[in-house]
Amino acid sequence: MESGAIPLESVGPFDLQATVESGQTYLWDRADGNMYETTSAHGGDHWYETVVPPIAGVTDERAVVRVRQTDGLLEWESTTDAVPILTHLLRLDDDLDAILGATPDLPLLNRAYEEYRGMRLVRDPPFPCLISFICSAQMRVSRIHGMQMRMAEQFGDPVEFDGRTLHAFPTAEQLAERTEEELRDLSLGYRAPYVQRTAEMVADGEADPAAVRGMEYEEAREYLTRFVGVGDKVADCVLLFSLDFLEAVPLDTWIRTAIADHYPECDAGGYAETSRAIRERFGGEYAGYAQTYVFYYLRAGGE
DNA sequence: GCCCAGGAAGGGG
DNA sequence: CCCCTTCATGGG
């Protein structure tokens, strides 16, 4: 086992708990088993862990990463050097101060950014992210997380680390081999056939979420809707939380409420038109950052 | 019991 | 193209 610590003065503002428990990613687990339950200010001091698939240019091998935030440090334990992996997954390479500087001066955005200062977007691996958000339809955050954990435990490879057995998220091939019935047994409900058929599409090489790299934003969103269970909203989540389209603004129930209450002129009827309007209102290039702060802020009870 | 949760598919107009 | 209904499941 390797271990180390990343000094946060080299990273800028960072809040691990807000980043991992804000409903962007469902692939991390809290070692104390209390995911989404107890919250504390700035960082949280809890250990989080995940099994990372090989990522080109980041890690050649599958890795286990465990991380916690203490004052001024991001402490980690891993099967390998976790610095490039954490930098990739938690977007430590984003210049958050510059992003805030490019964000329009709107009261709602100011309150949300103030409340969760340091929260980053995540950069999830594409296939697990795609499956996670197919599962997110009409479902609470904690239950989406439970579904991903059960799929990993039941269908993913076991990985030994520090005397315990963790589980990698299943590959497309592993999920495609499962039946709709087996997925329903994990309480996926009507999402079970969506997950199964999308996994088949990826496993068969019929389509690949990573194929959108280099596409123009709306073209990329349109591409992702070919997957079963993926409409405009889920496509935007995958673009934002996995594929580096920071301008993507997923129009979920919370952001639609925010539009109705704060920016009614942005409600242009259809998804594409409303998306363009709120994207422009939130500053364009980093509009997805603003959306994610607003989502977490409103869901936690802010106004 | 009722209502809701980071929606999407399938049908009809 | 837009509008409507249906689709599981668990927690409040």
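Residues numbered from 1 in each chain as written. Chains lettered and ligands numbered in written order. Predicted model: local features only at pLDDT ≥ 70, side-chain atom pairs only at ≥ 80, totals over all residues. Heavy atoms only, no water.

Caption draft 1: A look at the domain arrangement of chain A. Parsing chain A into structural domains produces domain 1 (2-93), domain 2 (108-117 + 245-303) and domain 3 (126-242). A separation of 26 Å is found between the C-alpha centroids of domain 1 and domain 2. If you look at the interface, domain 1 gives eight residues, while domain 2 gives six residues. Taking both sides of the interface into account, the surface hidden between domain 1 and domain 2 amounts to around 680 Å²; carbon and sulfur atoms contribute 59%. When the buried area of domain 1 at its contact with domain 2 is split by residue, Pro13, Ser22 and Arg91 rank highest and sum to 50% of it. On the surface where domain 1 and domain 2 come into contact, there are zero salt bridges. One can count zero residue pairs in polar contact (both at pLDDT 80 or more) joining domain 1 with domain 2. The residue inventory of the side of domain 1 that touches domain 2, partitioned by class, reads two nonpolar, three polar and three charged. (Domains from an automatic or database assignment. Contact = heavy atoms within 4.5 Å. Buried area = accessible area lost by both parts, 1.4 Å probe. Salt bridge = Lys/Arg side-chain N within 4 Å of Asp/Glu carboxyl O. Polar contact = N/O pair within 3.5 Å; in protein donor to acceptor, adjacent residues only side chain to side chain. Nonpolar A, V, L, I, M, F, W, Y, C, P; charged D, E, K, R; others polar.)

Caption draft 2: Expanded view of the protein's contact with DNA strand C. Neighbouring DNA strand C are the residues Arg140, Arg143, Arg184, Ser187, Gly189, Tyr190 and Arg191. The protein-proximal atoms of DNA strand C, defined as those within 4 Å of the protein, are 52% sugar or phosphate. Between DNA strand C and Arg140 there is a distance of 2.8 Å, counted from a base nitrogen to a side-chain nitrogen or oxygen. Take Arg143: an N or O atom from its side chain is 2.8 Å from a base oxygen of DNA strand C. For the surface near DNA strand C, the class distribution of residues is one nonpolar, two polar and four charged. (Near = heavy atom within 4 Å.)

Caption draft 3: View of the UniProt feature "domain: HhH-GPD" (unreviewed entry) in chain A. UniProt annotation of "domain: HhH-GPD" (unreviewed entry) refers to residues 135-299 when read in the numbering used here. Taken end to end, residues 135-299 has its terminal C-alpha atoms 19 Å apart, with 54% of it in helix and 5% in strand. (UniProt positions renumbered as here; feature names shortened; annotations may be inferred. Helix = DSSP H or I, 4+ residues; strand = E, 2+ residues; numbered from the N terminus.)

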